[in-house]
Amino acid sequence: GAVVSQHPSRVICKSGTSVKIECRSLDFQATTMFWYRQFPKQSLMLMATSNEGSKATYEQGVEKDKFLINHASLTLSTLTVTSAHPEDSSFYICSARVGDTQYFGPGTRLTVL
Amino acid sequence: QQQVKQSPQSLIVQKGGISIINCAYENTAFDYFPWYQQFPGKGPALLIAIRPDVSEKKEGRFTISFNKSAKQFSLHIMDSQPGDSATYFCAGSGTYKYIFGTGTRLKVLA
């Protein structure tokens, strides 16, 4: 149980385009999901908390207009990187909360050319 | 106040040996301490977790030792195997958000 999927696993896009990443809880419902960003050989950096049916809560320093988060259902949260630039290239990971435990997706590697 | 300090940054262990990773936290409001294992290019996977009312928890080859007064906890991997080679993250949580340690890259030599 507690499986989280992400799609796509890898995406390459041109600078200035927008990219949408989906995060799904496959066998459970998650009122709260999280989006993280991870740079090579570094820890996970929390970007925002996504709550079903309400606006996401962004961490300090994260541009909410650049990283749009939508949690439209109890099993789906999406992260849209708008007007992506090379500095947005990173590994993006979502997680879904069950009680105190977070279950992580497999991650999405974004490369912006 | 919110930091979780993790050490060592990297660790090399012989096959069959014991791997020990340490974490220290500052926020006394933390009440949940999970450990995650992450392979390159993959998302973190939950290994084991503990609450501060317990001093030790064991699951298979993985054991968490918890010292509430010292605000420290550690992961012990017994009989370490090459397949355990990965990056390990500790975390502390007092609400629903996690504060992660900086990670330990473990390499188990065959």
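Along every chain, residues carry numbers that run from 1 in the direction the sequence is written. Ligands are numbered from 1 and chains lettered from A, in the order in which they are written. At least 70 in pLDDT is required for a residue's local features to be given in this predicted model, at least 80 for side-chain atom pairs to be given and counted, and no such filter applies to totals for whole chains, interfaces and linings, which use all residues. Based on all heavy atoms of the structure, the side-chain values leave hydrogens and waters out of the count.

**Quick look at the packing of aromatic side chains**
1) Next: Pairing of aromatic side chains requires ring centres within 6.5 Å, counting the rings of Phe and Tyr and the six-membered ring of Trp. Pairs whose planes differ by under 30 degrees are stacked, by over 60 edge-to-face, and all others tilted. Counted under the stated rule, the structure contains 22 aromatic pairs over all chains.
2) Next: Joined through ring pairs, the aromatic side chains of Phe34, Tyr36 and Phe104 of chain A together with Tyr32, Tyr36, Phe89, Tyr96, Tyr98 and Phe100 of chain B make up one cluster.

**Concerning the pairing of strand 8 (residues 72-77) of chain B**
Residues and elements named next belong to chain B.
1) Next: Here strand 3 (residues 19-25) pairs with strand 8 via 6 bridges, running antiparallel. Bridge pairing links Cys23 to Phe73 in strand 8.
2) Next: Two strands qualify as a pair provided DSSP detects at least 2 bridges between them. For the purposes of this entry, the term helix denotes a DSSP run of H or I that reaches at least four residues, the term strand denotes a run of E that reaches at least two, and both are numbered from the N terminus. Two successive antiparallel strands, strand 7 (residues 62-67) and strand 8, enclose a turn made up of 4 residues, where Lys71 displays a positive phi of approximately 55 degrees.

**Side note on the sheet that holds strand 1 (residues 4-7) of chain A**
All names here are of chain A.
1) Next: Ordered in space as 1-3-8-7, the 4 strands form an open sheet in which the pairing is antiparallel. At either margin of the open sheet sits one strand with a lone partner, and together these are strand 1 and strand 7 (67-73). Between one strand and the next, the sheet's axes are offset by a mean angle of 15 degrees, whatever the strand orientation.
2) Next: Across 6 bridges, strand 3 (residues 19-25) lies against strand 8 (residues 76-81) in antiparallel orientation. Among the inter-strand pairings, Lys20 is bridged to a residue of strand 8, identified as Thr80. Fitting a line to C-alpha atoms yields each axis, with helices limited to the stretch in contact; the angle taken between N-to-C directions then spans 0 to 180 degrees.

**Regarding the interface of chain B and chain A**
1) Next: Should any heavy atoms of two residues lie within 4.5 Å, those residues are considered in contact. Listed by partner, the interface residues are 17 residues for chain B and 20 residues for chain A.
2) Next: Joining two parts hides part of their accessible area as seen by a 1.4 Å probe, and the buried area is that hidden amount summed over both. At the boundary of chain B with chain A, total buried surface from both sides reaches about 1,500 Å², with 54% on carbon and sulfur atoms.
3) Next: The salt bridge definition used is simple: a Lys or Arg side-chain nitrogen within 4 Å of an Asp or Glu carboxyl oxygen. In this structure, the connection of chain B to chain A is made through 2 salt bridges.
4) Next: With a shortest N-O distance of 3.0 Å, Lys97 of chain B and Glu59 of chain A are connected by a salt bridge.
5) Next: In protein, a polar contact requires one atom able to donate a hydrogen and another able to accept it; more generally it is a pair of N or O atoms within 3.5 Å, and residues adjacent in sequence count only if both atoms are side-chain atoms. Across the contact surface, chain B and chain A share 10 residue pairs in polar contact (both at pLDDT 80 or more).
6) Next: Within the residue set of the side of chain B that touches chain A, elements represented by two or more residues are strand 4 (33-38) and strand 10 (98-100) of chain B.

**Digging into the nonpolar core**
1) Next: Residues enter a nonpolar core if they are buried and are Ala, Val, Leu, Ile, Met, Phe, Trp, Tyr or Cys, with the set joined through side-chain atoms within 4.5 Å. Only protein chains enter the accessibility calculation, which uses a 1.4 Å probe. A residue is then buried if its area is under 20% of the maximum for its type, exposed if over 50%, and partly exposed in between. Counting 24 residues, the largest nonpolar core has Trp35, Phe67, Leu79, Tyr92 and Leu110 of chain A as its most contacted members.
2) Next: Elements represented by at least two residues in this core include exactly strand 2 (10-13), strand 3, strand 4 (32-38), strand 5 (44-51), strand 7, strand 8, strand 9 (90-98) and strand 11 (108-112) of chain A.

**Concerning the pattern of salt bridges**
Residue and element names in this part refer to chain B.
1) Next: Overall, the coordinates contain 6 salt bridges over all chains when judged by the stated rule.
2) Next: Residue Asp84 is joined to Arg61 by a salt bridge in which the shortest nitrogen-to-oxygen separation is 2.8 Å. Of this pair, Asp84 sits in the loop between strand 8 and strand 9 (86-93) while Arg61 sits in the loop between strand 6 (56-59) and strand 7, placing them 23 residues apart in sequence.

**Some thoughts on the sheet that holds strand 7 of chain B**
The strands that make up a sheet are held in pairs by hydrogen bonds between backbone atoms, and each pair lies either parallel or antiparallel.
Residue and element names in this part refer to chain B.
1) Next: The strand order across the open sheet built from 5 strands is 1-3-8-7-6, with neighbouring strands paired in antiparallel fashion. Since the sheet does not close on itself, it has two edges, and those belong to strand 1 (4-7) and strand 6, each with one partner. Here the average twist between neighbouring strands, direction ignored, is 15 degrees.
2) Next: Pairing analysis gives 4 bridges linking strand 1 to strand 3, with the strands arranged antiparallel. Directly across from Val4, in strand 3, lies its bridge partner Tyr25.

**Side note on unusual backbone geometry**
1) Next: Omega for the bond connecting His7 of chain A with Pro8 of chain A falls within 30 degrees of zero, at 0 degrees, which places this linkage in the cis form.
2) Next: The phi torsion at Asp79 of chain B lies on the positive side, around 45 degrees, for a residue other than glycine.
3) Next: Structurally, Asp79 of chain B can be placed in the loop between strand 8 and strand 9.
4) Next: Taking the relative accessible area as the measure of exposure, Asp79 of chain B reaches 40% and is therefore partly exposed.

**Description of the state of the cysteines**
1) Next: The disulfide criterion used throughout: a pair of cysteine sulfur atoms within 2.5 Å. Evaluated as defined, the whole model comprises 2 disulfides over all chains.
2) Next: Between the sulfur atoms of Cys23 of chain A and its disulfide partner Cys94 of chain A the distance amounts to 2.0 Å. Between Cys23 of chain A and Cys94 of chain A, the disulfide has an S-S torsion of 80 degrees and is therefore right-handed. A residue pair is termed long-range when its members are at least 10 positions apart, and Cys23 of chain A in strand 3 and Cys94 of chain A in strand 9 qualify at 71 residues. Comparing Cys23 of chain A with Cys94 of chain A shows no difference in burial state: the two are buried.
3) Next: Linked covalently through their sulfurs, Cys23 of chain B and Cys90 of chain B form a disulfide whose S-S length is 1.9 Å. As the torsion about the S-S bond is roughly -100 degrees, the Cys23 of chain B-Cys90 of chain B disulfide counts as left-handed.

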